[in-house]
Structure formats: structure tokens, C-alpha cells
Amino acid sequence: MAFRRSPIRRSPIRRTAALAAAATAAVVLTACGGTDSSSSSSASSGHSGHGMGSMSPATPSGAASAAQGGHNAQDVTFAQEMIPHHRQAVAMAGLAPSRAASQDVKDLAARIRKAQDPEIATMSGWLKAWGEKVPDASGSGMESMPGMDHSGSSMPGMMSDGDMKKLQGLSGDAFDKAFLQMMIGHHEGAIAMARTEQGKGAYGPAQTMAKSIVTSQSAEITEMKKMLGER
């Protein structure tokens, strides 16, 4: 006698188990989805925060470069007046090798030429870049330098034609004394011009040069006064 299996009893159990498993999976997926969404939102928010940080205001170096690039009328005046002022100092210093008796005076004159020649070139470059007139060179630095600029106003510390011709005619100790006295006055004039630039100028490199002039020429004035005191 043959017996038939009854599949009907186990089928509901399997179906119930399957439904329960599906429900559990759905809950898990929903939870994961919420977590991922939250994480994604948080990550997105965090990334967005970094992005805003990277879009912060311009760096100080960029602002400094922009500020350094600007110049005003005082910067132009400083360069246009300091160039002939320096040229005269260089011309005076150029007399020392063949006329001075003191090696200290000769050494000082050499330092003055070494410092001021490059500054003349630098300031001439500024004026060209700004489209401004570069003062004409007068060859020796003496023939066309009566101590006046092109507008006719006196620049502080500039020697007159008579002063320059007198210096040319001296030699030995007499030259040394006259050179030191004149150069002290010349340096004092340059320092006054440089201080004006420091107070009213806008161009960074010009202000830096003005500060250097005040520092270096003040030290040289002290040195020259000491040299005069020893004579």
C-alpha cells in the first residue's frame, strides 16, 4: 500500500519564515540607509566646511604684494630728487682717490660710491616703470648741478657749483677736511629727504630704501664727525 506525502503542512512555515526574514532585512536596510544618508550628509557638510576654509580671504602675502605695487606722487618726487642727490655724492666720492691724503677718507668714499651707484640704477628703474622722467645725467655729476632740481627749488644738502669747484681744486689734508664737512651736510640732506619718503610715500621698495639711507648715512655722519675731530 502506497503512502502519499503531504507538502501542505510545511509550506506555511516556510512562507512565514521567509516573510519574517524579509521584514528583518527591510528594517536593517532602512537603518543602514538612514545611517549612510546621515553620514553622507555629515561628510558633505564637513567637506563643504573645508571648501569654505579654502575660500577664505586673500592671503596676507598677496595683499602685501598688491600694496607694494602701488606708488604715489611722493614716491616719484623721492626718486627724481634722490637720483641727482646721489649722483653728486658719487661725483664727490670720485675725487677722493686722487686727492685725499687719508686712507680712511678714501675708504669712506669707496663705500659711498658702492652703496649709491646701485640705488641710482634702482630708482631710475622705478621711474621708467611708472612712465616718469628720469633726471638727466650730467656726466661728471658736477657741471650741471648747482644744487637745484629742475623746478628751481633747492634740495637739502646739495652742494653749489662753487662748492664743487672748490673741492676739485683741493688736495691732501685740505681736501679731506672739506670733503668730510661737505659730505656730512650732504648726508644730512639725504636723511631729511628719506624721512619725508618714510612719512608720505606709498611704494614699499622706496620706503625700504629710505629706511636704509637713514640708517647707513646716519652711521657715516657719526664716522665722519669722528674723523674730523681727530684732525
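Quick note: structure is the one above.
Residues numbered from 1 in each chain as written. Predicted model: local features only at pLDDT ≥ 70, side-chain atom pairs only at ≥ 80, totals over all residues. Heavy atoms only, no water.

Engineer: Could you give me a rundown of the overall build of the chain, with the residues and numbers involved?
Structural biologist: Summing up its helical and strand segments, the chain has 7 helices and 0 strands in all. Reading the chain from its N terminus to its C terminus gives the helix and strand order α-α-α-α-α-α-α. Taken across its 231 residues, the chain has 32% of its residues classed as buried. Within the chain, contacts between residues separated by at least 24 positions form 75% of all contacts whose residues are at least 6 apart in sequence. Carbon and sulfur atoms provide 57% of the accessible area of the chain, an area that totals close to 13,700 Å². (Helix = DSSP H or I, 4+ residues; strand = E, 2+ residues; numbered from the N terminus. Buried < 20%, exposed > 50% of the residue type's maximum accessible area, 1.4 Å probe, protein only. Contact = heavy atoms within 4.5 Å. Areas by Shrake-Rupley, 256 points an atom, 1.4 Å probe, with all protein chains shown as cover.)

Engineer: An account of the environment of Gly172 is requested, with residue identities and associated values reported.
Structural biologist: Tracing the chain through its elements places Gly172 in helix α6 (residues 172-200). Overall, the relative accessible area of 21% leaves Gly172 in the partly exposed class. With 73 residues separating them in the primary sequence, Gly172 and Arg99 have C-alpha atoms 5.9 Å apart.

Engineer: Give a description of the pattern of salt bridges that names residues and reports values.
Structural biologist: Under the definition given, this model contains 2 salt bridges. Here Glu223 makes a salt bridge to Arg111, at a shortest N to O gap of 2.6 Å. With Glu223 in helix α7 (residues 204-229) and Arg111 in helix α4 (residues 103-130), this residue pair connects regions lying 112 residues apart in the sequence. On the basis of relative accessible area, Glu223 is assigned to the partly exposed category, the value being 28%. Taking the relative accessible area as the measure of exposure, Arg111 reaches 37% and is therefore partly exposed. (Salt bridge = Lys/Arg side-chain N within 4 Å of Asp/Glu carboxyl O.)

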